[in-house]
Number of protein chains: 4
Amino acid sequence: MKPLHDVQSGPAEVALSIDRVGVKNLLQPLVVRDRARGKQNTTARIDLMADLPEHFKGTHMSRFVEALAEWTGALDYRSVKELLLDIRRRLEARSAYVTFRFPYFIVKRSPATGSPGIMSYQCRFTGELGPGAEGPDFLLELTAPVMTVCPCSLALCEGHGAHSQRAEVRLSVRANGFLWLEELVELAEASGSAPVYTLVKREDEKALTEAAFARPCFVEDVVRNAAQALSRHPLVRWYRVEVESFESIHNHSAFAAIEGRGPAGIL
Amino acid sequence: MKPLHDVQSGPAEVALSIDRVGVKNLLQPLVVRDRARGKQNTTARIDLMADLPEHFKGTHMSRFVEALAEWTGALDYRSVKELLLDIRRRLEARSAYVTFRFPYFIVKRSPATGSPGIMSYQCRFTGELGPGAEGPDFLLELTAPVMTVCPCSLALCEGHGAHSQRAEVRLSVRANGFLWLEELVELAEASGSAPVYTLVKREDEKALTEAAFARPCFVEDVVRNAAQALSRHPLVRWYRVEVESFESIHNHSAFAAIEGRGPAGIL
Amino acid sequence: MKPLHDVQSGPAEVALSIDRVGVKNLLQPLVVRDRARGKQNTTARIDLMADLPEHFKGTHMSRFVEALAEWTGALDYRSVKELLLDIRRRLEARSAYVTFRFPYFIVKRSPATGSPGIMSYQCRFTGELGPGAEGPDFLLELTAPVMTVCPCSLALCEGHGAHSQRAEVRLSVRANGFLWLEELVELAEASGSAPVYTLVKREDEKALTEAAFARPCFVEDVVRNAAQALSRHPLVRWYRVEVESFESIHNHSAFAAIEGRGPAGIL
Amino acid sequence: MKPLHDVQSGPAEVALSIDRVGVKNLLQPLVVRDRARGKQNTTARIDLMADLPEHFKGTHMSRFVEALAEWTGALDYRSVKELLLDIRRRLEARSAYVTFRFPYFIVKRSPATGSPGIMSYQCRFTGELGPGAEGPDFLLELTAPVMTVCPCSLALCEGHGAHSQRAEVRLSVRANGFLWLEELVELAEASGSAPVYTLVKREDEKALTEAAFARPCFVEDVVRNAAQALSRHPLVRWYRVEVESFESIHNHSAFAAIEGRGPAGIL
């Protein structure tokens, strides 16, 4: 039997190199390293890509899926580096790129009664191995919900009321060394008027409301609080903070963003 | 030249009649009747369907698109009835079904300064002409955002604070006669702690916060307020109300639903 | 210290009973029973609700979260029944409702080389315990992707080509007894021109394309194939099949739906 | 009566300047310049932002909404420049940023019978006026669906079949001078195996399938075709092309991206 024709290895009609080509939006189970429990089970949307030189017509898409299938262990810096190296080798590419989007779960105790509830945080972990790069560039992203109490509304009502709402704090970080997702959660949740919880009893609701009203925050305050904390974190090289507040007096959002360098990013 | 083969008119391999078959998710400009201005321009996601008897292999999908293209005028009960009759005739079907999902825009003035802002409301208008039915069954659906101030949190903090958030009131109505979208908006917005606005100045924010704190509402209160109003509206035959509140102390929603009959639905 | 005021247990201002009230869109890890491996880890969006009589102002939202936290074991008919009974008891309600939306993972081998790949299927499992009902009503829903090759296009091009595309087969089933998700997957995947795979090598791609072109299917054929199979399955009481085909020659979908009774649903 | 307190103009607690702050996700009607008809009506999701110096606590969110309300005329380069200048002035800011996401409608005639159908294309138009910039930086983005026929599958089946699917071509362009959205549509639609249509009769379906099978394309081919065309367009300074193909043999996508400079971007 003659071998099946390998169309992909033929010449490209348009001689342009491709920055990234691969598979997108694979949904699979994922094990992630967890500070409290060693590791946890979640599910992830995964993209796997490489570059393609100008003289090849196509990449071999099935090799990305094979690389992922043979990749083992929990998601962390070391294991993603191995996956990137494996993709670069299998695809005979100069660069490799992977990204994992997943919810991360943390049991958080309510502020007054200490009742445990499972919180979920949307995360994204991206690794890129550039052409000729010594090591991968990692980007860690996490979204945490917080409560914001409007300082303007509180001042106008002279303390007798103020509109509040859920807001999202989105952190993107490049770091020199290992950062736990739990650290980013703590930093994000400390930036708003109050954290949010999954399980809240009456005593918790009282404590939470009072704490939030004692610390009113505009999106401007939240984004600055988070940016300041990241700009002082010794491992942070680069960060971006976005805050989107789903205003309860509007049907649109208030938004603020700051991008900057951390201590590890200043040469 | 011999005519192209009409595969669709051939026999079905499995002799089952199909309840609904057609095209889904067409995105097109749409003109809608508007109480204040006669008509307004918006954009809609549109589904068009018919039944298919068991002895035909396929429907003729292009005829739905042609029916829509030749349909003219603004969206209202009369024009949708004409579209349903046209689809039933073109498809040689016993039943026809159309649904339009679109944002509807209303200029709303803020409560204190009267500043005008454009509000958008997600709507859905469905018409169905059943086999042997005298006339179409119409279903009108509208989602309006409101603010909810938590009565429990307000009581716990003895009036010095309470968490609030944006909530959505979703109304579904079958009516005997013409209902303006504006009527549904007014009814939904009167059901929460306060309406929301697009343009709010300081005086408005003060008035709005004070009004909302004077009328704290659980999702249970909001759903009952809207259900009671619909159950008393003389044109309403059937209604369903859903309220989803995007709690500012949680990362999940509070939800409530009531379905019932209006005065025009009691035999 | 005086106890905190229980606003929820106070009287309702509008004396209407509420059909469903509770928490919506909790995202949590979930263990699901798995035919091949006993159980599997996934993540789920969860709603938990109960009814509320007309004389109570509010439900106690935190009790739903507590019921879920104390619920153990893998998702199946028995464990969901226990959760429903627990919710009804904790909330002092007449009815209870829970729904879990989650991806379910199956390792599927490619048709020619037998290469294993992880497939994901969106599922929904709903349990409802009505007022005075002897046992819960369960609804099992699963969406499986398939490939459809257009019979009309194939006939027009006299076998030398035909447009194909990805389609989704959505099954909803009420059954008398236990149905594995794997059974629904097999039934759905047998209804289109060919199943889809995560890992496909050249030999597989050839086999898959040839199989699909040997079995061209309109959405009408797919929905009838699946409906016929469900209508003959001995455990099925009620079913609904929806097929949406993301046409490659259009920017909209073709759609078909059939609802009917199975052998176990005929009295 | 004493004036209401202006909290926003007070000092910031954290002295960090904010890159962008404003309103996000306003949904409003929009008029867009249209090559064939002068202008067209659509609806848009709109973000409006400015920077905020480190010494101010908050921006004045209502001024963005006022600027948008008083902005008139159809969306084009000139009108967006005016809006940016107005925002910068009203907010006393150094920079301004606006983005409009909207569907754009074009009546396209089918390839054989010339039947007219309304196509929709998701677009995004962004304008940014940086601190000290002479004029705004404009970014034009458009997504067009195309059909792709797999060259590998076609070769493996020796011309007797090949899987095809819908793919999206996403173009992002910075240009020296005016580019019509219609030009980007034509360029994107010429990059795949065939364009897609809203209204297709049998003769069209035959012509379209044959044309697509005569020009099989991987995502790699599509992205190169579009990138080459943009790299040669005399007005283009910078471009990015992304192609995502919703593979009919998989439940995930194939993806490719190229970023580069056009003739107007080379110094």
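Preceding block: the structure.
Residues numbered from 1 in each chain as written. Chains lettered and ligands numbered in written order. Predicted model: local features only at pLDDT ≥ 70, side-chain atom pairs only at ≥ 80, totals over all residues. Heavy atoms only, no water.

For chain A, the count of helices and strands is six helices and nine strands. Viewed in the frame of its principal axes, chain A has a C-alpha envelope of about 80 × 40 × 35 Å. A burial count over chain A gives 61% of its 267 residues as buried. The long-range fraction of contacts in chain A, counting pairs at least 24 apart against all pairs at least 6 apart in sequence, stands at 65%. When the accessible area of chain A is evaluated, it comes to approximately 10,100 Å², of which 50% is carbon and sulfur surface. Mean positive and mean negative side-chain charge positions of chain A (32 and 33 charges, respectively) differ by 3 Å. (Helix = DSSP H or I, 4+ residues; strand = E, 2+ residues; numbered from the N terminus. Buried < 20%, exposed > 50% of the residue type's maximum accessible area, 1.4 Å probe, protein only. Contact = heavy atoms within 4.5 Å. Areas by Shrake-Rupley, 256 points an atom, 1.4 Å probe, with all protein chains shown as cover. Lys, Arg positive; Asp, Glu negative; His and termini not counted. Charge placed at Lys NZ, Arg CZ, Asp CG, Glu CD.)

Turning our attention to helix α5 (residues 202–213) of chain D. Because an α-helix packs 3.6 residues into every turn, residues spaced three or four apart end up facing the same way. Over its 12 residues, α5(D) runs 17 Å from end to end, which matches the ideal 16 Å to within 8%, given 1.5 Å per residue. Those residues of α5(D) that are buried are in contact with α3 (151–156) and α5 (202–213) of chain C together with β5 (137–149), α3 (151–156) and β7 (194–195) of chain D. (Expected span 1.5 Å × (residues − 1).)

Counting residues at the interface gives 52 residues for chain D, matched by 52 residues for chain A. Contact between chain D and chain A buries roughly 3,900 Å² in total, counting both sides, with carbon and sulfur atoms accounting for 59%. Seen at the junction of chain D and chain A, the total is two salt bridges. Residue A:Asp221 is joined to D:Lys57 by a salt bridge in which the shortest nitrogen-to-oxygen separation is 2.9 Å. Going through the elements one at a time, β1 (18–34), β2 (38–52), α1 (61–70), α3, α6 (219–232) and β9 (253–261) of chain D are the ones with two or more residues in the side of chain D that touches chain A. The element best represented in the side of chain D that touches chain A is β1(D), accounting for nine residues. Here the residues of the side of chain D that touches chain A are counted per class, giving 28 nonpolar, 12 polar and 12 charged. (Buried area = accessible area lost by both parts, 1.4 Å probe. Salt bridge = Lys/Arg side-chain N within 4 Å of Asp/Glu carboxyl O. Nonpolar A, V, L, I, M, F, W, Y, C, P; charged D, E, K, R; others polar.)

This next bit is on the side chain of D:Ser79. All names here are of chain D. Position of serine 79 relative to the elements: it lies in helix α2 (residues 77–90). Judged by its relative accessible area of 6%, serine 79 falls in the buried class. Beyond its immediate chain neighbours, meaning those up to four positions away, serine 79 contacts Trp71 and Ala74.

What follows is about the relation of the copies chain B and chain A. Note on the identical chains: chain B maps onto chain A by a rotation of 180° and an axial translation of 0.0 Å, with an RMSD of 0.0 Å. Such a combination of turn and shift is consistent with a two-fold rotation axis. (Least-squares fit on C-alpha atoms with pLDDT ≥ 70 in both.)

Moving on, we get to the packing of aromatic side chains. This model, assessed by the stated rule, comprises 24 aromatic pairs over all chains. Ring centres of C:Tyr77 and C:Phe125 lie 5.3 Å apart, and the angle between their planes is 85°; on these two criteria the pair is classed as edge-to-face. Linking C:Tyr77 in helix α2 (residues 77–90) with C:Phe125 in strand β4 (residues 116–129), this pair joins segments that are 48 residues apart in sequence. Judged by its relative accessible area of 16%, C:Tyr77 falls in the buried class. Pairing C:Phe125 with C:Phe138 gives two aromatic rings, centres 5.5 Å apart and planes at 25°, and the pair type is stacked. Of this pair, C:Phe125 sits in strand β4 while C:Phe138 is found in strand β5 (residues 137–149), placing the two residues 13 residues apart along the sequence. Pairwise contacts between aromatic rings join A:Tyr77, A:Phe125, A:Phe138, A:Phe178 and A:Trp180 into one cluster. Over the ring of B:Tyr97 we find B:Arg20; its NZ or CZ atom is 3.7 Å from the centre of that ring. (Phe/Tyr/Trp six-rings, centres within 6.5 Å; stacked < 30°, edge-to-face > 60°. Lys NZ or Arg CZ within 6 Å of the ring centre and 35° of its normal.)

Residue and element names in this part refer to chain B. With 14 residues, helix α2 (residues 77–90) ought to run about 20 Å at 1.5 Å a step, and its terminal C-alpha atoms sit 20 Å apart, in line with that. Turning to α2, its buried residues are Tyr77, Ser79, Val80, Leu83, Leu84, Asp86, Ile87 and Arg90. In this structure aspartate 76 caps α2, since a side-chain oxygen of it lies 3.2 Å from the backbone nitrogen of arginine 78. Positive backbone phi, approximately 50°, marks glutamate 92, located one or two places after α2. (Polar contact = N/O pair within 3.5 Å; in protein donor to acceptor, adjacent residues only side chain to side chain.)

This next bit is on the packing of α1(D) against α2(D). Packed helices, taken two at a time, are described by the angle their axes make and the gap between the axes. Residues and elements named next belong to chain D. Relative to each other, α1 and α2 sit at 145°, their axes nearing to 10 Å. Judged by the twist between their axes, the crossing of α1 over α2 is right-handed. Across the interface between the two elements, Arg63, Phe64, Glu66, Ala67, Leu68 and Glu70 from α1 touch Leu83, Asp86, Ile87 and Arg90 from α2. Residues that form the contact of α1 with α2 fall into these classes: five nonpolar, no polar and five charged. (Axes fitted to C-alpha atoms, helices over the stretch in contact; angles between N-to-C directions. Left-handed = near helix turned anticlockwise from the far one by under 90°.)

Attention now moves to the environment of A:Thr143. All names here are of chain A. Mapped onto the elements of the fold, threonine 143 is located in strand β5 (residues 137–149). Between the C-alpha atom of threonine 143 and that of alanine 50, which follows or precedes it by 93 residues, the distance is 27 Å. Not counting residues up to four positions away in its chain, the partners in contact with threonine 143 are Tyr121, Gln122, Glu168, Val169 and Arg170.

Another aspect to go through is the interface of chain B and chain A. Residue-level contacts link 35 residues of chain B with 36 residues of chain A. Taken together, the connections running from chain B to chain A amount to zero salt bridges. Summed over the shared surface of chain B and chain A, the result is 17 residue pairs in polar contact (both at pLDDT 80 or more). Of all the secondary-structure elements, those providing two or more residues to the side of chain B that touches chain A are β5 (137–149), α3 (151–156), β6 (164–175) and α5 (202–213) of chain B. Each residue belonging to the side of chain B that touches chain A can be placed in one class, and the counts come to 14 nonpolar, 15 polar and six charged.

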